[in-house]
Amino acid sequence: MSQNILRAHGTGGKSTHELINKLFLPYLKNDQLSPHDAAQVDWPEGNLLVTTDTTVVDPLIFPGGDAGKLSMTGGINDLLTRGAKPKFASMGFVLSEDLPFGIINQILKSISQELATHEIKVICADTKVITSKEKSTLMINTTLIGSMINPHFQLRGIQKGDALIVTGSLGTHGLAILQARQKLPFKTVFESDCASLFSLLEPEIQRETPISYMRDVTRGGLAGILHELAGQFNIGFELSETSLPIQPAVRSGLSLLGIDPLEVANEGVMLVTIPQDHAKELLTSLKRHPLGKFAAQVGIAVESSRTPVVMTTAIGGKRIITWPEALNLPRIC
Amino acid sequence: MNSKIPMTTGHSSEEIRIMEFCGGHTHALVNAGILQILPKHIKMIHGPGCPVCVLPANHIQALIDLVENFPSLTIATYGDLLRIPTLKGDSLLKAQSRGKSIRMLYSPLELLAWAKADPQQEFIFMAVGFETTAPATALLVKKLQAENIQNVSILCLHVLTPPAIEAVLTELSPAERPHAIIGPGHVSLVMGLDPYLPLSKKYHLPIVVSGFEPSDMMESIKIACDMLGANNNSVHNQYVRALQPSGNLEAQKLMKEVFELRSQFTWRGLGNLNDSALKLKPHFDSWNVEKKFPLQYQDVPEHPQCKCGDILRGKKSPKDCRLFLKACTPNLPLGACMVSSEGACHAYYQSGGLP
């Protein structure tokens, strides 16, 4: 078997068969993985929750994670926002010619670790090979199917007066990826926060903490997510600059590049809204968990307005936070 | 701030106009919400210190045309420049989407590795920026020469701060002219304080060289007001924690070795200014794009309603422009001041047009 992906691996012939058997199956195999063209599973438990995500990340392996871990944790956190736990996974892998087997191996290993930790079974999967003029790459589509962790846990939606809590510090993933991609010569090696938040938030769901809404603070950063929610719930948000949990090194790194930490993607931070009366209790509980040690209340939900997201700055001025519009391109100086 | 830092000055009831030259300072003023809490009689004028904003788009158009004619070339430049709109809404970013090889870099020295890894590929570096980025370009040129790397050439479009300040001062009428100037700390980290002395003397202006934190900005505004009150027209270093008055002598030496003045350079908004930009010395012709490639310049007209020129001259504010927030946004910028995050329009956009 060759050590890089060849066009032949996508033909459906013997090479494809070997690729699947030798590389993919050892990591993905389980008693529910279907040998047929379609998988069939039993589903006795009421509501079915489904999420899908396609992971396209450059570089494929970065400090703090890789495309495989990201492809699982993204979906797990997405289901978690609705109070659900994944049970089954469907996965599609698009591999480009010349991709080294070693990289695929490492990525599959990360996937299998997350599958084991969360007791998720892959029930169907697919591979395709594409040609790529640029450097070799790998894209992963993950669909997760799950059920409610606690059928009594209900999200009433965000209302005026709700506290905005983020479960971790902001901006780290985006900066880690930029640094790894561009080989930025910072002394600090930034590590992505890429993580499943299941163990952090599952207990809150079990004990029916009166959380009103949850949202994974990924692409678009906190600024983008709040604008989406403002439209969805016809509400506004007031942030306080001094309470934003941003690590000093991350703040400096992003500021050097001219990038706003509020617009940077995170992969292990949840926005949780909860009536203000319960905010303190939730924060105390989150902070006891290693994934929640930087959790902080960053603001409050307010009446909707023409400029729905406003931040009180450190010196007491106001800054309107706008939709992140353009690509995050670093500035010159 | 009104209560904590009294703006004591002899001009107390009259308007005090202070120009922050640098786009980074404009950004800091807006982002920290300082403009809203300044005493009413202090008016900040936003200067032209945004390297992307003052670069005429015809240079970018010329490079796009070049790479269309020679598809094997790679153009490398800073991220900000990729979005600048050129003819018919084109840009380097769009050329990249069409499959042209356009690469973003963070440090010019990255080109050394690229060039060595791919010796058959010809790289063009579009070198832009004030005195802050010029030393890095000079270092690149010296290293290309030392290592005899021939597949990188430079389009040197570096510009200088003092001529731009002077252009704004002469352009504005006495009733519009700033009473004091806040100068960029990072330019002085390279050049020191001396380049400002003639300006301060000629125009009887206090010049405060400032850091970039909100507290730096507030302190610098306060110092400028105090200097005005004391009739002290000198150059003051607020950025003492980082800035030696002499600047970075090593960087200055490097720049002298590699660059010479262009007798004329056209700035966006400011027009033709004498001795205001840098080019490579003839000694480095083998790395000079202008000597190696047939660059053809054509006019890239501004949008007829775009007020970037007046904004760069300190005559108008973004809010005076009819396109601002309507037709012109960071996603679809019509003028350069909206493209760069240091542009006044972009800074105002980010605060929803608040100040």
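Residues numbered from 1 in each chain as written. Chains lettered and ligands numbered in written order. Predicted model: local features only at pLDDT ≥ 70, side-chain atom pairs only at ≥ 80, totals over all residues. Heavy atoms only, no water.

A. Inspection of the overall build of chain A at higher detail. A tally of helices and strands in chain A yields 8 helices and 13 strands. The C-alpha radius of gyration of chain A comes to 21 Å, within 12% of the 20 Å expected for a compact globule of 333 residues. Seen through its principal axes, chain A has C-alpha atoms that stretch 65 × 55 × 35 Å. In chain A, the proportion of contacts linking residues at least 24 apart, taken out of those at least 6 apart, comes to 85%. When the accessible area of chain A is evaluated, it comes to approximately 15100 Å², of which 51% is carbon and sulfur surface. Side-chain charges of chain A comprise 30 positive and 32 negative groups, with the mean position of each set lying 4 Å from the other. (Helix = DSSP H or I, 4+ residues; strand = E, 2+ residues; numbered from the N terminus. Rg over C-alpha atoms; globule rule 2.2 N^0.38 Å. Contact = heavy atoms within 4.5 Å. Areas by Shrake-Rupley, 256 points an atom, 1.4 Å probe, with all protein chains shown as cover. Lys, Arg positive; Asp, Glu negative; His and termini not counted. Charge placed at Lys NZ, Arg CZ, Asp CG, Glu CD.)

B. Structural detail: the pattern of salt bridges. All names here are of chain B. One pass over the structure, following the stated rule, counts 27 salt bridges over all chains. Between E147 and K116 there is a salt bridge, with its nearest N and O atoms 2.9 Å apart. Remark: K116 occurs in helix 5 (residues 110-117) and E147 occurs in the loop between helix 6 (134-146) and strand 6 (152-158); sequence separation between them is 31 residues. Measuring nitrogen to oxygen at the nearest pair gives 2.8 Å for the salt bridge that ties D216 to R241. Residue D216 is found in helix 10 (residues 214-229), and its partner R241 is found in the loop between strand 9 (235-237) and helix 11 (249-258); the two are separated by 25 residues along the sequence. Residue D216 is classed as buried on the basis of its relative accessible area, which comes to 4%. Each of E68, D90, R98 and K100 takes part in one network of salt bridges that share partners. (Salt bridge = Lys/Arg side-chain N within 4 Å of Asp/Glu carboxyl O. Buried < 20%, exposed > 50% of the residue type's maximum accessible area, 1.4 Å probe, protein only.)

C. Looking closely at the sheet that holds strand 7 (residues 180-184) of chain B. Residues and elements named next belong to chain B. Taken in spatial order, the 5 strands make up an open sheet running 2-1-7-8-9, and their pairing is parallel. Either end of the sheet is taken by a strand with one partner, and the two such strands are strand 2 (42-49) and strand 9. Strand after strand, the sheet turns through a mean of 25° between neighbouring axes, direction not considered. Pairing between strand 8 (residues 207-210) and strand 9: 3 bridges, direction parallel. Residue pairing in the sheet places I207 in a bridge with V235 of strand 9. Helix-sheet contacts for helix 7 (residues 161-171) involve strand 1 (16-22), strand 2 and strand 7, and the interaxial angle to strand 1 is about 145°. Its contacts with the sheet place helix 10 against strand 1, strand 2, strand 7, strand 8 and strand 9, and it is angled at close to 165° to strand 8. (Pairing = 2+ DSSP bridges. Axes fitted to C-alpha atoms, helices over the stretch in contact; angles between N-to-C directions.)

D. Summary view of the pairing of strand 12 (residues 309-312) of chain A. Residue and element names in this part refer to chain A. The pairing of strand 9 (residues 236-240) with strand 12 spans 4 bridges and is classified as parallel. Its bridge partner lying in strand 12, S240 is registered against T312. Bridging between strand 12 and strand 13 (residues 318-320) involves 3 bridges; their strand directions are antiparallel. Paired with M311 across the two strands is R319, which belongs to strand 13.

E. Up close: the state of the cysteines. Residues and elements named next belong to chain B. Enumeration according to the criterion identifies 1 disulfide over all chains in this entry. There is a disulfide in this structure between C50 and C53, and the S-S distance comes to 2.3 Å. Taking the sign of the torsion about the S-S bond as the criterion, the disulfide between C50 and C53, at about 65°, is right-handed. The same class applies to C50 as to C53, namely buried. There is no disulfide at C306, and the cysteine sulfur nearest it, in C308, is 3.5 Å away. (Disulfide = S-S within 2.5 Å.)

F. Looking closely at the interface of chain A and chain B. Across the boundary between the two partners, chain A contributes 23 residues, which contact 35 residues of chain B. The contact between chain A and chain B buries some 2500 Å² in all, and 60% of this surface belongs to carbon and sulfur atoms. Scanning the region where chain A abuts chain B turns up 0 salt bridges. Counting across the chain A and chain B interface gives 3 residue pairs in polar contact (both at pLDDT 80 or more). The set of elements that each furnish at least two residues to the side of chain A that touches chain B consists of helix 4 (172-182) and strand 13 of chain A. (Buried area = accessible area lost by both parts, 1.4 Å probe. Polar contact = N/O pair within 3.5 Å; in protein donor to acceptor, adjacent residues only side chain to side chain.)

G. Spatial organisation of the environment of G24 of chain B. All names here are of chain B. Within the element layout of this structure, G24 appears in helix 1 (residues 23-31). We classify G24 as buried; its relative accessible area is 13%. Separated by 69 residues in the primary sequence, G24 and L93 have C-alpha atoms spaced 23 Å apart. G24 has contacts with F212 and E342, leaving out every residue within four places of it along the chain.

Everything listed here is a matter of coordinates, which is why it stays silent on function.
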